[in-house]
Every structure is written in C-alpha cells, then in structure tokens.
Amino acid sequence: MQAQPCSRRETLALRRRLIGSSCKLFFPEDPVKIVRAKGQYIYDEHGREYLDCINNVSHVGHCHPDVVKAAHEQNQLLNTNSRYLHDNLVDYAKRLSKTLPEKLCTFYFLNSGSEANDLALRLARQYTKHEDIIVLDHAYHGHLTSLIDISPYKFRNLEGQKEWVHVVCTYCSLYTSTISVNLLSTTSVALLIIRHCSLVQAPLPDTYRGIYREDHKDSVLAYANEVKKIIEQAQKRGRKIAAFFIESLPSVGGQIIPPEGYFQMIAEHVHKAGGVFVADEIQVGFGRVGKCFWAFQLQGEDFVPDIVTMGKPMGNGHPIACVATTKEIAEAFADTGVEYFNTFGGNPVSCAIGLAVLDVIEKEHLQAHATQVGNFLMELLNQQKVKHPIIGDVRGVGLFIGVDLIKDQEKRIPATEEAEYLITRLKRDYILLSTDGPGRNVLKFKPPLCFTMDNAKLVVDKMDEILTDMEREKTCEPVGKHH
Ligand SMILES: Cc1ncc(COP(=O)(O)O)c(C=O)c1O
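Residues numbered from 1 in each chain as written. Predicted model: local features only at pLDDT ≥ 70, side-chain atom pairs only at ≥ 80, totals over all residues. Heavy atoms only, no water.

Caption draft 1: Fine view of the overall build of the protein chain. Secondary structure summary: the protein chain contains 14 helices and 17 strands in total. Sequence-distant contacts in the protein chain: of pairs separated by 6 or more residues, those separated by 24 or more amount to 71%. Entry remark: accessible area of the protein chain is about 22400 Å², with carbon and sulfur atoms responsible for 53%. (Helix = DSSP H or I, 4+ residues; strand = E, 2+ residues; numbered from the N terminus. Contact = heavy atoms within 4.5 Å. Areas by Shrake-Rupley, 256 points an atom, 1.4 Å probe, with all protein chains shown as cover.)

In structure tokens form, the structure reads like this:
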C-alpha cells in the first residue's frame, strides 16, 4: 500500500530528522517541495509551476519521453554488469567517439562525475608515474576523498587545513576590508604549495575579476605563465607533475570563460613536465555551449586533451558517467594487471539512456537551439547591464551564462547579499536561479537545453522588475548607469 503523501512541513521535519544535515537544500528558509517535472518546468505539491534555469542534469528536458521510454524498454529486457557482451555498451562508446577527437578512443563507464575524476586521477598517475596535480583556484572536481583534496572550493572550507598545505598569498591587496577569508584567498590569488604531497593551484583565468583583466595586453599568456611558474617551482622542489585538471568552463569558479588558446599553452607546459591534461566536462559537455559538443573545443580545433571526464547531463538524470582517453594511457593502466570493475558502470539500461540522450540532442537540434536562445538571453542581459549598475559583467556561451553582480564599478566588489536577495525574490515568482563564484555573486544560468526565448524574456523581465525595486528601495528613485 502506498503511503499518503506528507505535507511539505512533514517532509521537511522528516528530512531534518533522518538526512545528514550537511546535505543542503536550495532556499533553506523556505524550501520547495517538488513532485513532478516536464521539460524546463518543475511542479510543487500544489501543482504550481517553476521555471528551471539551473538544472543542467536534466539536459534535454526533465522526464524527456524518449529517454524515459528507452530506460523502460531496456529495463524490461535486461540489466546487468559489463562482464557480459552487450551491444548497448559498444554502441554507446562508438557514438561518443564520433563526438570526440580521434585520439580519445578508449572509454570507461561509471556512475558519477566524482567516480570519473577519481579514475582520471588514477589513469594520469599510472601513465606518468608522477603524483602531483595542478588545479585552478576555487575548482571543484567531486566529493570523493581523492577529489576533495584537489578541490579548493571544498577544502578551503574545511577546518584545519592539512599540515602539508602551505598557502602563499601573492596578491593580498584587493578588497581586504570587505571580504571573507574565503573570498580573499581567491580574489587575491593564493597559490597553494604543498610541500610533501601532490597538489598545486593556479589562478582562475578570469578576465573580469582575476589578476589579469580585460585591459591586460595578453591575458592568455599571462595566465598560462602562472601555470608554467607553478610547474617550475614544483620541479625545483623535486616534485613531478602527473596532471593538470580543469573544468573546461569553470562553473563554481563563477561561470568563467577561459580565453581562447589558454588550454593549448598550458598543455604544452604540462606535457613538457611529463604530465597529462584532464578536461572535466562533467557540467558543461554534451552540447550545452551550442557551437561545439564539448566545451574544450571552444579553445580551437588544434586542442585535444589527454583525458575527458563526463557525467551529469549524460543520462538526463540517470546516474551515468564516462572517462574517455587515449590508447596509450589506457594501456599503461592495463599494464598494472589490475582489473577495473565497476558494478553498475556501463550497464545496458544506462547505455540505452545515454544513447537516447544523444538521439534527442540530434533530433531536436539542441545545440543550435542552445546557441540561439543563449545569444538572445545574453542580449537581454546586456540590455539590463546598461540599465542596472549592479550588473558588472555578462559572460557566457550557449546556455552556460553568468551575470556578475557588483557593489561598485571600480573595485568590482561582489554583491553577495544582493545576489542572494535577487534569487530569493525570483523564487517567489516561480523562477529557480542560483549563484556561484567565490563571492557567490554570479547568477548562473544553465537550464535544460529546451529553455525557450519566451523563458529567457520572462526571467529577464522579472530580474529587471526586482533590480528596479532594489534600486528604488536604496535611493528612492531609478538609478542610471554610472560611468
Ligand atoms: C565540474 C564538476 N566535476 C565533478 C563533479 C562531481 O560530480 P558528481 O556529483 O556526479 O559526483 C561535479 C559536481 O557538481 C562538477 O560540477
């Protein structure tokens, strides 16, 4: 017999009692209880419709019928591990290989982005026989122990940094009076130097609020040189680089678009040091950026990573992930003689779902759609930027867009409280948006790819209304752009 559905209040009380309190809710003061979803809409227990601007996992739309059907049909036939021959596994690998550069022709299937990055770590270390990892400041690569260690976004918040972690702040002058330690360490570009173990950290290639900005004569070279310096410093201490990990578009870093050519320069330095380049496409892959299938391809056709990790959008909500790499790296991994077995990875149901997602992306021309709607949304947001001084920067590609809110034009101090207030007001108007970035001041748009022009117009109109109210409350009259 099915239990009676709980009221929202009862569900919340049960959750507080039964679920670990470190599992956070969106809008903790007034969380939304949801019961179903379709396309880019989510419905609460009263049938109220919310526009979803953030769920990049439901990539081709919540509960897409083709994906649901593929799962159901395969579930009725068979689901088991990958130690038997089955066509879905190889068909899926073949389809994925068509989206990737030829060199990336070996695949491992897993269940989550964290598993994919953990395997990437093992592959890199086994292939290079080196240990050290370089990551970007404020990066996030997953929740496993191995990945928290390479995710400054997380380990910065952990009390008592490990004794083998040494933080060297090279630029401490920005915003020191107004920001938290967390912010300070990012905006001031801390370089983490780990003496006895394996991680070094490079500044975010953020040309809006990073150390080299839009007015720098060659920010690409300058940011790449930071990585080169880190490699040289590590080598002086006898350390050896196994890999450079980067999210192809750093998202928790604040929806950053790395300048073109940056990856190529870094890959050259990393390869010279005997390491490999890992592109984390777990959030941003599968056509979200519109003009390319993979976000690393925005860097240019001449750039090919050594390892690509995939997850979230891959199964449209079903847990499936993948690592693609070269024959040489895969062979070095196999040379250990240790089997790689992952009970659920690459099972026939997951692969049927993965194939259905690829079919929908193609059939519904979702890449072209992401470009068209994304460009329109950016245009509307840029119009708001002219009107509202709180909008410091609008950046993005396809349906991966960030709006950087600032307290002042000159210092670009993150408007953290204002961003929080804005998303809370939007939620009251049934629009789900969230914030990211070291200062939690960057509004992030990464909706299901079926998001429409009308959806874009609705959100931006609401934002305009709320920002106008905020300005009125502050100054009692509409505020124009200050220059
Ligand atoms: C860039 C990136 N890498 C890895 C992960 C970890 O993926 P998962 O939560 O599926 O383990 C995430 C999750 O947020 C992510 O954003």
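Caption draft 2: Up close: the packing of helix H4 (residues 113–128) against helix H10 (residues 327–334). Orientation of H4 relative to H10, taken along the N-to-C sense of each, is 85°, at an axis distance of 8 Å. Between H4 and H10, the crossing angle belongs to the class labelled roughly perpendicular. Where H4 approaches H10, its residues Leu119, Arg122, Leu123, Gln126 and Tyr127 are matched on the opposing element by Glu328, Ile329, Ala332 and Phe333. Partitioning the contact of H4 with H10 into residue classes produces 6 nonpolar, 1 polar and 2 charged. (Axes fitted to C-alpha atoms, helices over the stretch in contact; angles between N-to-C directions. Parallel < 35°, antiparallel > 145°, perpendicular 65-115°, else oblique. Nonpolar A, V, L, I, M, F, W, Y, C, P; charged D, E, K, R; others polar.)

Caption draft 3: Quick peek at the site of the ligand. Taken together, 13 residues sit near the ligand, with Gly113, Ser114, Asp280, Gln283 and Lys312 positioned nearest. Ser114 places a side-chain nitrogen or oxygen 2.6 Å from an oxygen atom of the ligand. Here an oxygen atom of the ligand sits 2.9 Å away from a polar atom, N or O, in the side chain of Gln283. Relative to its unbound accessible surface of 390 Å², the ligand loses 85% to contact with the protein. (Near = heavy atom within 4 Å. Polar contact = N/O pair within 3.5 Å; in protein donor to acceptor, adjacent residues only side chain to side chain.)

Caption draft 4: Representation of the environment of Leu121. Checked against the element boundaries, Leu121 lands in helix H4. As a C-alpha pair, Leu121 and Leu147 span 26 residues in sequence and 8.8 Å in three-dimensional space. Not counting residues up to four positions away in its chain, the partners in contact with Leu121 are Ile133, Ser146, Leu147 and Phe245.

Caption draft 5: Representation of the sheet that holds strand S14 (residues 400–405). Reading across the sheet, the 4 strands line up as S13-S14-S17-S16 and stay open at both edges, with antiparallel pairing between neighbours. The open sheet is flanked by strand S13 (391–397) and strand S16 (434–436), the only strands paired with a single partner. For this sheet, the mean inter-axis angle between neighbouring strands, taken without regard to orientation, is 30°. Relative to S13, helix H12 (residues 366–387) is tilted by about 170°, and along the sheet it contacts S13, S14 and strand S17 (442–445). (Pairing = 2+ DSSP bridges.)

Caption draft 6: Fine view of the pairing of strand S1 (residues 34–38). Across 4 bridges, the pairing between S1 and strand S2 (residues 41–44) is antiparallel. Directly across from Lys38, in S2, lies its bridge partner Tyr41.

Caption draft 7: Just unusual backbone geometry, in detail. Despite not being glycine, Cys63 shows a phi value in the positive range, around 50°. Phi at Tyr430 is positive, roughly 65°, even though this residue is not glycine. Relative to the elements of secondary structure, Tyr430 occurs in the loop between helix H13 (416–428) and strand S15 (431–432).

Caption draft 8: Layout of the pairing of strand S11 (residues 307–310). Alternating positions in S11 separate into two faces, Ile307 and Thr309 on one and Val308 and Met310 on the other, with burial throughout. Where strand S10 (residues 276–280) and S11 come together, 3 bridges link them in parallel fashion. When the sheet's bridge partners are listed, Asp280 is paired in S11 with Thr309. Where S11 and strand S12 (residues 321–325) come together, 4 bridges link them in antiparallel fashion. Residue Met310 lies in a different strand from S12, and its bridge partner there is Cys322. (Buried < 20%, exposed > 50% of the residue type's maximum accessible area, 1.4 Å probe, protein only.)

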